[in-house]
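Residue-level listing of the chains:
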Amino acid sequence: LAKTTQPISMDSYEGQEVNITCSHNNIATNDYITWYQQFPSQGPRFIIQGYKTKVTNEVASLFIPADRKSSTLSLPRVSLSDTAVYYCLVGHSGAGSYQLTFGKGTKLSVIP
Amino acid sequence: DVKVTQSSRYLVKRTGEKVFLECVQDMDHENMFWYRQDPGLGLRLIYFSYDVKMKEKGDIPEGYSVSREKKERFSLILESASTNQTSMYLCASSSDREAVEQYFGPGTRLTVT
């Protein structure tokens, strides 16, 4: 199983760009990378997913270098409502089995 | 919107009791998952199911079992609850085979005394 490492916490001011990096040194060839956001008293919510290079959607960007041993979630111009815990997930499915490894989460605090 | 519901938000049980946690999804997803979430440990996969009556162990299945008699419902069973099973339990479902995008329920906070 790929082991993932994320910073425990980060602080940012409103309006700034925030980058959260997840390390996954032993990622497998068929592993994909996904990021989730979790607010208190709620289940995690899907943000973005990628395999390599850069992916962008309406809420975030995901940067994955060529060696895929890390990935960076980028949140542009954060607001107070982005205060949450962010998890990276590395995994794949195959032959009726799932290999899913969540990181321990990064608590992002956005400061006014 | 996909909706995943869990039978209870909070549950308190005694050591040795049999505990049932129920999860229902309304989007006809084939894949369903049970996780537990603990401070400092993140989410850990207990069991998953990719079809009715099909189940597979995740990373930490010991002390748990599951049941999936209908496509929309996935139950987690603690045969004999212990204090180390005090945790937040999260159910999720996914339509894609890779389970890239999982939809989570709100969670059940289980306390075993």
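As shown above, the structure is provided for reference.
All of these numbers come straight from a predicted model, not from anything done at the bench.

J.: Help me get a handle on the pattern of salt bridges, residues and values and all.
T.: Residue and element names in this part refer to chain B. Using the criterion set out here, one finds six salt bridges over all chains in the structure. With a shortest N-O distance of 3.6 Å, Lys-18 and Glu-79 are connected by a salt bridge. Here Lys-18, found in the loop between β2 (10-13) and β3 (19-25), pairs with Glu-79, found in the loop between β8 (73-78) and β9 (87-94); they are 61 residues apart in sequence, far enough to count as distant. Lys-18 gets classed as partly exposed once you look at its relative accessible area, which sits at 44%. Linking Asp-38 and Arg-36 is a salt bridge whose minimum nitrogen-to-oxygen distance equals 2.8 Å. Neither Asp-38 nor Arg-36 differs from the other in exposure class; each is buried. Through salt bridges with shared partners, one network takes in Arg-36, Asp-38 and Arg-44.

J.: Any chance you could break down the interface of chain A and chain B for me, citing the residues and the numbers?
T.: Counting residues at the interface gives 22 residues for chain A, matched by 25 residues for chain B. Carbon and sulfur atoms supply 53% of the area buried between chain A and chain B, which totals about 1900 Å² over both sides. Where chain A touches chain B, the interface holds zero salt bridges. At the surface where chain A touches chain B, the tally comes to five residue pairs in polar contact (both at pLDDT 80 or more). The set of elements that each furnish at least two residues to the side of chain A that touches chain B consists of β3 (32-38), β4 (45-50), β8 (84-94) and β9 (97-102) of chain A. Here the side of chain A that touches chain B is composed, by residue class, of 10 nonpolar, 11 polar and one charged.

J.: An account of the packing of aromatic side chains is needed here, citing residue identities and associated values.
T.: The full count for this structure, using the stated rule, is 10 aromatic pairs over all chains. Centre to centre, the rings of Tyr36(A) and Phe104(B) are 5.7 Å apart; their planes meet at 85 degrees, and the pair counts as edge-to-face. Separated into two different chains, Tyr36(A) in strand β3 and Phe104(B) in strand β10 (residues 103-104) make up a pair that spans both. Ring plane angle 35 degrees and centroid distance 6.3 Å describe the contact between Phe33(B) and Phe48(B), whose orientation is recorded as tilted. Placement of the pair is Phe33(B) in strand β4 (residues 31-38) and Phe48(B) in strand β5 (residues 42-51), with a sequence separation of 15 residues. Across the pair, Phe48(B) and Phe33(B) agree in class, each one buried. In this structure an aromatic cluster arises from ring pairing among Tyr36(A), Phe46(A), Tyr87(A), Phe102(A), Phe33(B), Tyr35(B), Phe48(B) and Phe104(B). Above the plane of the ring of Tyr51(A) lies Arg68(A), whose end atom (NZ or CZ) is 3.9 Å from the centre.

J.: Could you give an account of the sheet that holds β3(B), with specific residues and numbers?
T.: Within a sheet, neighbouring strands are paired by backbone hydrogen bonds and run either parallel or antiparallel to one another. Residues and elements named next belong to chain B. The four strands lie next to each other as β1-β3-β8-β7, forming an open sheet whose pairing is antiparallel. Both outer strands of the open sheet, β1 (4-6) and β7 (64-70), are each paired with one neighbouring strand and no more. Across this sheet, the average inter-strand angle for adjacent strands is 20 degrees, counted without regard to direction. When β1 meets β3, the two strands line up antiparallel, connected through three bridges. Looking at β3, one finds that Val-4 is bridged to Gln-25.

J.: With reference to specific residues and values, describe the sheet that holds strand β6 (residues 61-64) of chain A.
T.: Residues and elements named next belong to chain A. Taken together, the four strands give an open sheet; going across it, the order is β2-β7-β6-β5, and neighbouring strands pair in antiparallel fashion. Looking at the sheet topology across the chains shown, the edges are occupied by β2 (18-23) and β5 (53-56). Here the average twist between neighbouring strands, direction ignored, is 15 degrees. Here three bridges tie β6 to strand β7 (residues 70-75), and the two strands are oriented antiparallel to one another. By the bridge assignment for β7, Ser-61 is matched with Ser-74.

J.: Describe in detail the environment of Gln85(B), supporting the description with residues and values.
T.: Residues and elements named next belong to chain B. By the secondary structure assignment, Gln-85 is in the loop between β8 and β9. Residue classification places Gln-85 among the buried residues on the basis of a relative accessible area of 4%. C-alpha of Gln-85 to C-alpha of Gly-40: the two residues are 45 residues apart in sequence and 15 Å apart in space. Beyond its immediate chain neighbours, meaning those up to four positions away, Gln-85 contacts Arg-36, Glu-62, Gly-63, Tyr-64, Leu-78, Ser-80, Leu-110 and Val-112.

Definitions and limits used
Residues numbered from 1 in each chain as written. Chains lettered and ligands numbered in written order. Predicted model: local features only at pLDDT ≥ 70, side-chain atom pairs only at ≥ 80, totals over all residues. Heavy atoms only, no water. Salt bridge = Lys/Arg side-chain N within 4 Å of Asp/Glu carboxyl O. Helix = DSSP H or I, 4+ residues; strand = E, 2+ residues; numbered from the N terminus. Buried < 20%, exposed > 50% of the residue type's maximum accessible area, 1.4 Å probe, protein only. Contact = heavy atoms within 4.5 Å. Buried area = accessible area lost by both parts, 1.4 Å probe. Polar contact = N/O pair within 3.5 Å; in protein donor to acceptor, adjacent residues only side chain to side chain. Nonpolar A, V, L, I, M, F, W, Y, C, P; charged D, E, K, R; others polar. Phe/Tyr/Trp six-rings, centres within 6.5 Å; stacked < 30°, edge-to-face > 60°. Lys NZ or Arg CZ within 6 Å of the ring centre and 35° of its normal. Pairing = 2+ DSSP bridges. Axes fitted to C-alpha atoms, helices over the stretch in contact; angles between N-to-C directions.

Remember, this is a structural readout, not a statement about activity or role.
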